[in-house]
Structure formats: structure tokens, C-alpha cells
Amino acid sequence: MKTVLITGIAGNLGKILAKNLHRKCNVIGLDRRNISVLPKDIIHYKLDIRRNRVEEIFKKHKIDTIFHLGVMHNLRENDREHHDFNIIGTTKLIEYAQNYGVSQFIFLSSGNVYGPRATNSQYLNEDEPLMGGANFSEIRDLIALDMLVSSLFWKAPQLQTVILRPVHIVGDLQNGISNYFRISNKIPVLAGFDPMMQLIHISDLIEAFILAMDSKKSGVYNLASSGAESLSKLISYLGKKSLPLIDPIFRTIFHHLWRARFVNFPPEEFDYLKYVCMVDITNAKKELNFTPKYTIFDTLDSLNRVFFHNIIPI
Amino acid sequence: MINSFIKKNREILAKATEKNGKNFSDSFGMDLDYLAKIITFIEPFYRYYFRVSTFGIENIPKDGNFLFISNHSGQIPIDGVMVGLSLLFDKEPPLLLRSMVERWVPELPFISTLFSKGGQILGTQKNAKKLLEERNSLLIFPEGVKGISKIFKDRYKLAEFGSGFVRLSIETKTPIVPVAVIGAEEQIPTFANIKNIANWLKIPAMPIPLTPIPLPVKYRIYFGEPFICSDNTEESANKVKNIIQKMVDDGINKREHIFW
């Protein structure tokens with residue numbers, strides 16, 4: 001039986017992955033947050049990923065696979081702490097993976113590393129430059145991590161390294177995009193813009209994690225559930241209405257509201273409502289045998305499964 | 001009344017996309033209902049203002065997808081719209097033509113939405129390749145801005161051709177159909193293109209037009225026979241350019257008047 005380490009296990013995605021794996025693997029969790037409701041056979045270490053004690057885990061258990069989900073995306077966290085946690089933490093993890101004979105390193109990056117841009121082709125493949133940080137500094141951390149992990153392809157060819165770049169993950173999660181679709185009955189959009197979007201269902205993403213673990217291939221893979229639709233269609237599918245905002249004016253207003261902590265939607269994310277940032281998943285289909293089982297509309301349905309109060313006061 | 005026109009155009013679009021299956025869904029976000037409305041709005045211009053005549057449309061085989069390569073002129077890209085409409089209205093079965101827009105278009109509110117729902121896509125090699133691989137037909141103007149912003153004295157002299165379309169055609173095994181548009185050159189005569197101002201305003205061209213609105217010139221669109229380029233060189237692009245230049249020259253010789 002394989003032993004897997006899941007970082008960021010206290011997050012919703014980490015929990016779901018752990019529940020999917022614990023019957024066929026020994027699952028070890030690592031997170032500095034407290035964790036609730038997990039199957040009893042999962043061993044959880046409540047530790048900051050940067051602490052030296054993390055090495056003890058590698059000494060104690062023979063870890064075969066690392067699922068690195070523990071990337072901090074908290075936009076409210078101080079920049080320095082955010083950067084330090086992500087970069088130092090991941091560097092250490094990579095070091096342990098090499099020193100303790102781990103055979104697989106699976107990293108959850110994001111399709112947002114390409115960034116929404118006016119000049120984007122409709123479907124971006126894995127070779128596109130990672131331009132997501134151009135306007136959105138918080139994505140720069142993720143891009144740095146993505147590149148750090150991809151350096152393993154030549155630094156540690158014996159280690160199977162997989163980078164997954166899913167598009168917006170929507171479902172029972174507390175992430176920006178899921179919360180965006182949960183905003184009251186009127187969803188803010190930018191007047192005159194209606195970009196095409198892709199979404200990914202959590203189950204499709206979990207499936208990709210498992211496929212990556214079962215395969216022997218290193219690589220970078222874009223992921224999305226099937227189908228792409230314009231933002232306006234997604235909003236009307238949810239039975240909601242669009243609230244058109246005029247870009248430069250509301251961007252400035254949101255900038256001040258965000259800084260005053262009145263909204264949880266950083267103004268840089270406006271670009272996602274303006275330009276396309278869609279991915280080509282041919283590579284994942286071919287190399288990992290990834291076939292999305294859910295459509296973009298199934299993904300939106302999974303959002304409605306849980307009741308949620310409005311997070312952004314609009 | 002208008003609804004019946006929209007319905008008629010929606011049926012033409014349905015016929016044009018029949019081969020893609022019943023529940024046609026476009027991976028680039030084209031919306032056929034929306035497109036039918038746009039077409040209904042511009043149809044009177046096609047029929048009664050520019051009075052488009054097509055020649056050689058029978059050269060295009062019934063099935064398959066093609067890369068249409070055309071001369072480009074007239075300051076604003078009405079020529080592209082007219083070629084697209086002629087393939088919907090005059091060809092049997094109708095053919096839905098896609099075309100590509102400049103890189104700054106997605107930054108424009110409303111226009112970006114109008115174009116993307118109307119089936120126009122951003123002009124990148126990857127987009128063009130994907131579109132052709134999905135068996136769509138595509139219109140390309142290899143002259144680009146140099147062609148459309150020609151001043152009056154240079155009319156019907158084709159500008160230099162980019163060679164990207166040859167590679168595209170070979171890679172996706174799509175036959176090229178040469179197209180010559182006659183009439184568009186005279187729609188907005190211009191006597192100068194002030195490049196300094198264009199550079200300063202960061203726009204592709206700054207023509208000085210002699211008319212505020214396009215003149216009601218008669219459009220004549222000639223379709224040549226489809227062919228496949230054997231090798232990916234600039235020479236192939238030049239060959240295509242020469243074919244189109246000859247079609248343009250022949251068309252002008254046959255034309256008796258600019259306006260009718």
C-alpha cells in the first residue's frame with residue numbers, strides 16, 4: 001500500500017482528496033490549520049510546512065507520493081508572510097522529496113497562471129508563457145511555485161513530477177470563483193464584456209490527481225471539465241441576473257472597497273470577467289487518459305448543493 | 001416582419017452548421033441566434049446598398065471546409081462581411097465563414113462581445129489552426145492593415161502577402177480558395193494615410209477619407225477554384241497573390257461602372 005502525504009489537507013479540496021484516497025493508500029496530512037471530520041485512519045500533523053519538524057514525518061514514514069495542495073491563496077495575508085510560506089515551504093518539501101526517496105511529486109497549480117489577457121488565444125496549451133502575474137501580483141507566488149516545481153523535471157528526473165493546472169474550480173469550496181457565483185441574485189459583470197469560461201468540477205479534479213498518481217509520467221497538464229460557455233450563459237443558467245458595471249470606474253471603487261475590507265473581491269480579478277483564460281486539455285487527455293465526466297453546467301449545479309450566505313456585501 | 005427575416009436567416013445558419021451535428025455548440029463562443037440578428041441587420045446593405053454580385057461560387061465544392069484568401073481594401077472591413085454573407089446567401093448549401101480580428105479588439109467593450117458572438121475570433125495562429133481542425137471555413141486577408149488602408153492611387157494593387165496562411169493550409173490540409181473583391185476600393189476614397197499620427201495615436205492607420213460614409217459602390221466578388229499549396233514558402237504565398245491579382249485585374253476589365 002502506497003503512503004501519500006497531502007499538504008493543505010485542512011482545505012476542502014485536501015479533505016475531499018484524502019477521503020478519496022484513504023481506502024487505497026495510507027494517507028498522512030500536513031497543515032498548520034486544525035482539521036475536523038476526517039476518516040480515523042488518516043494521520044494528521046498540525047505543523048507549519050516551513051518548520052524543521054516536518055522532516056520528522058519523512059523519517060518516520062516511507063512516503064511514496066506527495067500531493068502538494070498547501071499553497072496559501074489568502075489575499076488578505078501579508079505579502080511577505082504569503083511569499084515566505086509558499087516559496088520556503090515548497091522548497092523544503094522538494095528537498096525532503098529528493099532526500100527521502102519519494103517517487104512522485106504532484107503539485108496543484110492553476111490555469112490562472114496564464115492570466116486573462118486580451119491577446120490570449122482561445123485555448124492555451126501548457127507551453128504558453130505564464131503571464132498571470134502581469135496585473136495580478138498575488139498570482140506571482142503561484143507562478144514562482146509552478147516554475148520551482150517544473151525545475152524538478154531536469155534537477156530530479158528520477159522523481160515523477162506532475163503539475164496540474166486546472167481552470168476555475170467550482171463547487172463546495174470557499175474560493176473566489178465559487179463565491180463569485182454565490183453573490184446575491186445579481187452578479188456583477190463588466191458592461192460590454194462577456195468572456196467565454198471553463199470550469200472544473202471537484203470530482204474531475206480528484207480524478208486527475210488519482211490518474212496522475214497511477215501513471216508513471218512526468219509533465220504539466222491543463223485540466224477542465226467539458227464545455228465552455230460565455231459568462232452571461234452561466235449566470236442565466238443559475239437563474240440569476242447580471243449587474244453590469246463600467247470597468248474603469250468600478251475598478252477604482254472596488255480598489256478602495258477592497259483596501260477598506262468591505263469586499264472580498266480584489267479589483268485585479270475584474271480581468272477574469274473581461275478576457276478569456278481558457279486551456280487546451282488535449283495533453284491531459286492523451287498522457288493521463290483524463291476524460292472529464294462532468295460538464296460545465298454539472299459543475300455549476302455542484303455549487304448549489306450547499307447553502308451559502310452572501311459573502312460579498314453587495 | 002423583422003422576426004420572419006431573423007427566422008429565415010437562422011434557418012440558413014442552421015443549414016450551414018448541419019454537418020456539425022444538431023446541437024451545434026461552438027468552442028469559440030459563437031451564438032447562432034445572435035448572429036442571425038446581426039445578419040438580418042446587415043442584409044439590406046448587402047442586397048440594396050452594395051448590391052453584391054458573386055461570380056464563380058460554383059467553384060466551391062459542396063462539402064468540406066476551406067481557407068478563403070482575399071484581397072483587402074476599403075478602410076473599414078466591409079469586404080469581409082460581404083464575402084461572408086455571399087457564402088450564406090448565394091451558395092448552396094450555405095457556408096458559414098469565420099474570420100479573425102485584430103489583437104486590440106478584445107479590449108473594446110460591446111464590440112468584443114458583438115464580434116465573438118458573431119463568430120469572429122482573435123487572430124492568432126493557434127486560434128486559426130484550431131478553427132480549421134474543427135472543420136470550419138476561415139477568411140484571411142494576408143495583406144492585413146497594409147491592404148485595407150491603401151490610398152486611392154494604389155487601388156487594386158495588392159500589398160505584400162504574409163505567408164502564415166500557407167503554413168496553416170498545409171498543416172491542416174485545408175484547400176485554399178482565392179477570392180477577389182471588386183468595388184470595395186472605391187467605397188471610401190482616401191488621398192493620404194498619415195503614419196505619424198497613426199503611430200502617435202497607437203492605431204494601425206490614419207487615412208484621410210474624402211467621404212464621411214462609405215459610397216454605394218457595387219460589390220463584385222469572384223471565387224476561384226480551390227487548390228492546395230505544395231510547399232510552405234514565401235514563393236507559395238506570392239503565387240497565391242499573383243492568382244488573386246489576376247482575378248482582380250480581370251474583374252476590373254469586365255466592370256463597366258463603379259456604381260452599377
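These notes cover the structure that comes with them. (Residues numbered from 1 in each chain as written. Chains lettered and ligands numbered in written order. Predicted model: local features only at pLDDT ≥ 70, side-chain atom pairs only at ≥ 80, totals over all residues.)

Observations regarding the packing of helix α2 (residues 32–49) of chain B against helix α3 (residues 78–89) of chain B
Residue and element names in this part refer to chain B.
- Between α2 and α3, the shortest axis-to-axis distance is 11 Å and the interhelical angle comes to 100°. By the angle between their axes, α2 is roughly perpendicular relative to α3. Facing I39, I42 and Y46 of α2, the residues of α3 in contact are V81, M82 and L85.
- Here the residues of the contact of α2 with α3 sort into 6 nonpolar, no polar and no charged. (Axes fitted to C-alpha atoms, helices over the stretch in contact; angles between N-to-C directions. Helix = DSSP H or I, 4+ residues; strand = E, 2+ residues; numbered from the N terminus. Parallel < 35°, antiparallel > 145°, perpendicular 65-115°, else oblique. Contact = placed C-beta atoms within 7 Å. Nonpolar A, V, L, I, M, F, W, Y, C, P; charged D, E, K, R; others polar.)

Looking at the sheet that holds strand β11 (residues 219–223) of chain A
Residues and elements named next belong to chain A.
- Judged by pairing direction, the sheet is parallel, and its 7 strands sit side by side in the order β3-β2-β1-β4-β5-β6-β11 without closing on themselves. Every interior strand has two partners, whereas the edge strands, β3 (43–46) and β11, have only one. For this sheet, the mean inter-axis angle between neighbouring strands, taken without regard to orientation, is 15°.
- By the bridge criterion, 4 bridges tie strand β4 (residues 65–68) to strand β5 (residues 104–108) in an arrangement that is parallel. Across the sheet, I66 pairs through a bridge with F105, a residue of β5.
- Contacting β1 (2–7), β2 (25–31) and β4, helix α1 (residues 12–21) runs over the sheet at an angle of about 165° to β2. (Pairing = 2+ DSSP bridges.)

A word on the sheet that holds strand β2 (residues 67–70) of chain B
Residue and element names in this part refer to chain B.
- One open sheet holds the 7 strands; their spatial order is β1-β9-β6-β2-β5-β3-β4, and the pairing between them is mixed. Here the strands that pair on one side only, and so sit at the sheet edges, are β1 (53–55) and β4 (121–122).
- Sheet topology places strand β3 (residues 97–101) next to strand β5 (residues 137–140); 3 bridges connect them, and they run parallel. When the bridges of β5 are listed, S99 appears paired with L139.

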